[in-house]
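In case you want the letters, here they are:
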Amino acid sequence: MFIGHFALGFAAPRFAPQLPLTASFLACQFLDLIWPVLVLARLEHVSVDPHVTAFTPLAFEYPWSHSLLATALYAALGFVAVRALGLGTRSATVVLVLVLSHWLLDFLSHAPDLPLAPWGSTKLGLGLWNAPWLTLVTEVSLFALGVGWYARATTAIDKQGIWALWGLVAFFLLMYAVSAFGPKPEVGTPAAAIAGPALATWLFVAWAYWIDRHRQPRAM
Ligand SMILES: [Zn+2]
């Protein structure tokens, strides 16, 4: 999943109006934000195997970023961090759910490569990625729903609040189209050459920060 994760990030302020979009994006995408860092540090690995799924040829070994146990730990840490920042239990609970949601959406889409724990050989995944069109419809629908909720839950306080949001939505759709229909990495591509560009995912968190500066909850 890619924009499907951000769909939940966009939806979150509807349930926790106090929660900034920046925090919501950090939470929904936390596993994929630390993943390239762990690959570059050689703690995890990725390779290209055209037979993994129809949607992506990436074969993941990611016990520290994507095991269920590690995810539960990050979710708990997220809850504690949000409480420590002085945001309410509601915001903290939404962050906890967002971190866990990443694993669940990956569980839905990935080949059975998601470990239960960093050790052990049990790996799970329902493989929605083997049905590319169903993946596209599911993800784009989720994304539209999430963006719609965010747009209604918040209001722009100036022109930038409009441009920043809709610019990001357009950029997401463009990136998604490129990842779905663009050229795929070839067999033998080094892990660092795959993980390096994935660091750009942090750009979306920075973009969310920009949006936060120019939009506010509608109730306020
Ligand atoms: Zn992921």
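Residues numbered from 1 in each chain as written. Predicted model: local features only at pLDDT ≥ 70, side-chain atom pairs only at ≥ 80, totals over all residues. Heavy atoms only, no water.

J.: Could you give me a rundown of the pairing of strand S1 (residues 45-48), with the residues and numbers involved?
T.: Only one face of S1 is covered, namely the face carrying Val-46 and Val-48; the face carrying His-45 and Ser-47 is uncovered. Direction of pairing for S1 relative to strand S2 (residues 58-61): antiparallel, over a ladder of four bridges. Along S2, the bridge assignment pairs Ser-47 with Ala-59. (Buried < 20%, exposed > 50% of the residue type's maximum accessible area, 1.4 Å probe, protein only. Helix = DSSP H or I, 4+ residues; strand = E, 2+ residues; numbered from the N terminus. Pairing = 2+ DSSP bridges.)

J.: Hey, could you go over the coordination of the zinc ion for me, with residue numbers and the actual values?
T.: Those protein atoms acting as donors to the zinc ion are Asp-32 (OD), His-66 (NE2), His-102 (NE2) and Asp-106 (OD), and they sit at 2.1 to 2.2 Å. Here the zinc ion binds four donor atoms, and the angle range of 83 to 174 degrees at the metal identifies the geometry as irregular. Each donor residue of the zinc ion lies on the same chain, and together they follow the pattern D-x33-H-x35-H-x3-D. Taken as a pair, His-102 and Asp-106 lie in helix H6 (residues 89-109) at a separation of four residues, close to a single helical turn. Given a relative accessible area of 0%, His-102 falls into the buried group. (Donors = N, O, S within 2.8 Å, 3.2 Å for Na, K, Ca; no water. Tetrahedral: all angles 85-135°; square planar, octahedral: opposite > 155°, others 65-115°.)

J.: Could you give me a rundown of the side chain of Asp-113, with the residues and numbers involved?
T.: Relative to the elements of secondary structure, Asp-113 occurs in the loop between H6 and strand S3 (114-115). As a buried residue without a salt bridge, Asp-113 has its nearest oppositely charged side chain in Lys-123, at a separation of 7.7 Å. Among the polar contacts listed, one links the side chain of Asp-113 to the side chain of Tyr-62, at a separation of 2.6 Å. Those residues in contact with Asp-113 that sit more than four places away from it in its chain are Phe-60, Tyr-62, Lys-123 and Leu-124. (Lys, Arg positive; Asp, Glu negative; His and termini not counted. Salt bridge = Lys/Arg side-chain N within 4 Å of Asp/Glu carboxyl O. Polar contact = N/O pair within 3.5 Å; in protein donor to acceptor, adjacent residues only side chain to side chain. Contact = heavy atoms within 4.5 Å.)

J.: So what's going on with unusual backbone geometry? Which residues, and what values?
T.: Phi at Arg-42 is positive, roughly 65 degrees, even though this residue is not glycine. Structurally, the position occupied by Arg-42 is in the loop between helix H3 (30-40) and S1.

J.: Describe the environment of Asp-212, with residues and values.
T.: As for its position among the elements, Asp-212 is in helix H10 (residues 202-214). Classification of Asp-212 by relative accessible area gives partly exposed; the value is 23%. Along the primary structure Asp-212 and Ile-34 are separated by 178 residues, whereas in three dimensions their C-alpha atoms are 22 Å apart. The residues touching Asp-212, leaving out its near neighbours within four places in the chain, are Pro-20, Leu-21, Thr-22 and Tyr-150.

J.: Could you give an account of the packing of aromatic side chains, with specific residues and numbers?
T.: Taken as a whole and assessed by the stated rule, the structure comprises 25 aromatic pairs. On the basis of an interplanar angle of 55 degrees and a centroid distance of 6.0 Å, the ring pair of Phe-2 and Phe-204 is categorised as tilted. With Phe-2 in the segment before helix H1 (3-15) and Phe-204 in helix H10, the pair connects residues that are 202 residues apart, well separated along the chain. We note that Phe-2, like Phe-204, is buried. (Phe/Tyr/Trp six-rings, centres within 6.5 Å; stacked < 30°, edge-to-face > 60°.)

J.: A description of a nonpolar patch on the surface should follow, citing residues and the corresponding values.
T.: A contiguous nonpolar patch, built from Leu-26, Val-37, Leu-40, Leu-199 and Trp-202 and spanning about 380 Å² of accessible area, is present on the exposed surface. As for its placement among the helices and strands, Val-37 is situated in helix H3. (Patch = residues over 30% accessible without salt bridge, like charges linked within 9 Å, V, L, I, M, F, W, Y side chains within 5 Å. Areas by Shrake-Rupley, 256 points an atom, 1.4 Å probe, with all protein chains shown as cover.)

J.: Account for the nonpolar core, naming residues and giving values.
T.: Of all hydrophobic cores here, the largest spans 56 residues; its most connected members are Phe-10, Phe-25 and Phe-172. With seven residues, the single largest contributor to this core is helix H8 (residues 159-181). Setting aside anything within four residues of it in sequence, one finds Phe-172 in contact with Phe-2, Ile-3, Phe-6, Phe-10, Phe-25, Phe-143 and Phe-204. (Core = buried A, V, L, I, M, F, W, Y, C linked by side-chain atoms within 4.5 Å.)

J.: Talk me through H1; I want residue IDs and the actual numbers.
T.: Taking 1.5 Å of rise per residue, the 13 residues of H1 would be expected to cover 18 Å, and the 19 Å separating its terminal C-alpha atoms lies within 8% of that figure. Taking burial as the measure, the 13 residues of H1 include 10 buried ones, the bulk of the element. Within the span of H1, buried status applies to Ile-3, Gly-4, His-5, Phe-6, Ala-7, Gly-9, Phe-10, Ala-11, Ala-12 and Pro-13. On the buried face of H1, the contacting elements are helix H2 (21-28), H3, H6, helix H7 (132-153), H8 and H10. (Expected span 1.5 Å × (residues − 1).)

J.: Describe the packing of H8 against H10, with residues and values.
T.: The N-to-C vectors of H8 and H10 enclose an angle of 155 degrees; their axes lie 8 Å apart at closest approach. With respect to each other, H8 and H10 are oriented roughly antiparallel. Crossing hand, H8 versus H10: left-handed. Counted together, Gln-160, Gly-161, Ala-164, Leu-165, Gly-167, Leu-168, Phe-171, Phe-172 and Met-175 of H8 and Leu-203, Phe-204, Trp-207, Trp-210, Ile-211 and His-214 of H10 form the full contact between these two elements. Here the residues of the contact of H8 with H10 are counted per class, giving 11 nonpolar, four polar and no charged. (Axes fitted to C-alpha atoms, helices over the stretch in contact; angles between N-to-C directions. Parallel < 35°, antiparallel > 145°, perpendicular 65-115°, else oblique. Left-handed = near helix turned anticlockwise from the far one by under 90°. Nonpolar A, V, L, I, M, F, W, Y, C, P; charged D, E, K, R; others polar.)

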